[in-house]
Amino acid sequence: MGIRIALAGNPNCGKTTMFNDLTGANQYVGNWPGVTVEKKEGKYTKDKEVVITDLPGIYSLSPYSPEEIVARDYLLDGGPDAVINLVDATNLERNLYLTSQILNLGVPVVLALNMMDLVEKNGDKIDVDGLSKQLGCPVVPTSALRGRGMEDVVNAAIEAAKAKKVPESQMKFDAVVEEAIAKIEGILGSKVSSSTSRWYAIKLFEGEQKTIDDLKLSASELKAIDEVRDAIENKLDDDAESIVTSERYNAISHVIDKTVKRSRTGLTTSQ
Ligand code: BGO
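The next thing to look at is the site of the ligand. Around the ligand sit 16 residues, and of these Asn12, Lys15, Thr16, Thr17 and Asp117 come closest. Within the contact set of the ligand, an oxygen atom lies 2.6 Å away from a side-chain nitrogen or oxygen of Thr17. In the environment of the ligand, an oxygen atom lies 3.3 Å from a nitrogen or oxygen atom belonging to the side chain of Ser143. When isolated, the ligand has an accessible area of 750 Å², and the protein chains bury 62% of it. Broken down by secondary-structure element, the contributors of at least two residues to the shell around the ligand are α1 (15-23) and α4 (116-121). The greatest single-element share of the shell around the ligand, amounting to three residues, is contributed by α1. In the shell around the ligand, the residues fall into six nonpolar, eight polar and two charged.

Printed below as a string of structure tokens:
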């Protein structure tokens, strides 16, 4: 049996460049079932047993665009054996927003810290080991443009896939929000696997209709979840979706503070 690796990341993080580096001419293009979103797959040039799927470039795994739905359904439904999540390392804070969601999907993840050539050129420093500890997954510096780190990142993904090692992220929300998520995980019980329960609990806390529909929860379970959400919304005087978004950015800021040293006022995106 071959190994399936998905490439996921924000638009412009270098996914196409990396996909071309890894697959060369061994590419086939089609559509994802039922939608007009392009699906690109290819065989890894160094090992034809490894199939690489290029997911559409997205900023989030919310269900608001066909691209986001395609990506999250593929990842949640056990499509890939591992995900390489590319981030533009010159824009780490924004790119980690998607990462913070991918880490909860119950799939092995390797973070490709792409555009490291630019980070180095800018004189900025990223503590790769520290970042790996915070995110709870392997982190590999890469430069897809220069073909650097390509073999290392695929090898890390193959290893993670074989070990079925899902991330153990240290990124946590404020205690009251964590408590609410834990309560919802309790309500879910064994309806979802333990490796995906945080993902589903967060989505139910947000009141996301797609997840409510997918999980076919009973009226009493939904009522219990509504009560948990209402209590926190009242306490924090905000809606649950906004609460989760700001908690994600707070957790990301904490990670950045611990792992990134900027030489100037900020990491830049200049080429
Ligand atoms: C242009 N380092 C650097 N420096 N650049 C990179 C790297 C890297 O590691 N990886 C990718 N890029 P895509 P998505 C461009 O096209 O792969 C560059 O959306 C230009 N084009 O070369 O397309 C890559 O698939 C003119 O840059 O990303 C590309 O994820 C001037 O990042 C861009 C400058 O890569 C996006 C850049 C005509």
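Pairing is mixed across the open sheet formed by seven strands, whose spatial order is β2-β3-β4-β1-β5-β6-β8. What marks the edges here is a single partner per strand, and that holds for β2 (27-31) and β8 (139-141). Adjacent strand axes in the sheet meet at a mean angle of 25° when their direction is disregarded. In this sheet, strand β6 (residues 109-114) lies alongside strand β5 (residues 82-88) in parallel orientation, the contact comprising six bridges. Bridge assignment links Ile84 to a residue of β6, and that residue is Val110. On top of the sheet, helix α3 (residues 92-102) reaches β1 (3-9), β5 and β6; it is set at about 165° to β5, its chief contact. Where helix α5 (residues 128-135) meets the sheet, it contacts β6 and β8, and its direction lies at approximately 150° from that of β8.

On to a negative patch on the surface. On the surface, Asp237, Asp238, Asp239 and Glu241 cluster together into a patch of negative charge. Along the chain, the position of Glu241 falls in helix α11 (residues 240-259).

This model, assessed by the stated rule, comprises two aromatic pairs. Look at Trp32 and Tyr74: their rings are 5.1 Å apart centre to centre, the planes differ by 65°, and that puts the pair in the edge-to-face class. Placement of the pair is Trp32 in the loop between β2 and β3 (38-44) and Tyr74 in helix α2 (residues 66-76), with a sequence separation of 42 residues. As far as the burial class goes, Trp32 and Tyr74 line up, both buried. Between Tyr97 and Tyr249 the ring centres are 4.8 Å apart and the planes differ by 10°, which places this aromatic pair in the stacked class. Of this pair, Tyr97 sits in helix α3 while Tyr249 sits in helix α11, placing them 152 residues apart in sequence. Owing to a relative accessible area of 31%, Tyr249 belongs among the partly exposed residues under this scheme. For the cation-ring pair, Lys39 lies above Trp32, with the distance from its terminal atom to the ring centre recorded as 4.4 Å. The ring of Trp199 has Lys203 lying over it, and the distance from NZ or CZ to the ring centre is 4.9 Å.

Examined against the element boundaries, Thr90 turns out to sit in the loop between β5 and α3. Classification of Thr90 as buried rests on a relative accessible area of 3%. Separated by 2.6 Å, the side chains of Thr90 and Asp88 make a polar contact.

The next point concerns the environment of Pro11. Along the chain, the position of Pro11 falls in the loop between β1 and α1. Relative accessible area serves as the criterion here: at 30%, Pro11 is assigned to the partly exposed category. Sequence separation between Pro11 and Val153 is 142 residues; the distance between their C-alpha atoms is 19 Å. Not counting residues up to four positions away in its chain, the partners in contact with Pro11 are Gly57, Ile58 and Tyr59.

Basis of the calculations
Residues numbered from 1 in each chain as written. Predicted model: local features only at pLDDT ≥ 70, side-chain atom pairs only at ≥ 80, totals over all residues. Heavy atoms only, no water. Near = heavy atom within 4 Å. Polar contact = N/O pair within 3.5 Å; in protein donor to acceptor, adjacent residues only side chain to side chain. Areas by Shrake-Rupley, 256 points an atom, 1.4 Å probe, with all protein chains shown as cover. Helix = DSSP H or I, 4+ residues; strand = E, 2+ residues; numbered from the N terminus. Nonpolar A, V, L, I, M, F, W, Y, C, P; charged D, E, K, R; others polar. Pairing = 2+ DSSP bridges. Axes fitted to C-alpha atoms, helices over the stretch in contact; angles between N-to-C directions. Contact = heavy atoms within 4.5 Å. Patch = residues over 30% accessible without salt bridge, like charges linked within 9 Å, V, L, I, M, F, W, Y side chains within 5 Å. Salt bridge = Lys/Arg side-chain N within 4 Å of Asp/Glu carboxyl O. Lys, Arg positive; Asp, Glu negative; His and termini not counted. Charge placed at Lys NZ, Arg CZ, Asp CG, Glu CD. Phe/Tyr/Trp six-rings, centres within 6.5 Å; stacked < 30°, edge-to-face > 60°. Buried < 20%, exposed > 50% of the residue type's maximum accessible area, 1.4 Å probe, protein only. Lys NZ or Arg CZ within 6 Å of the ring centre and 35° of its normal.

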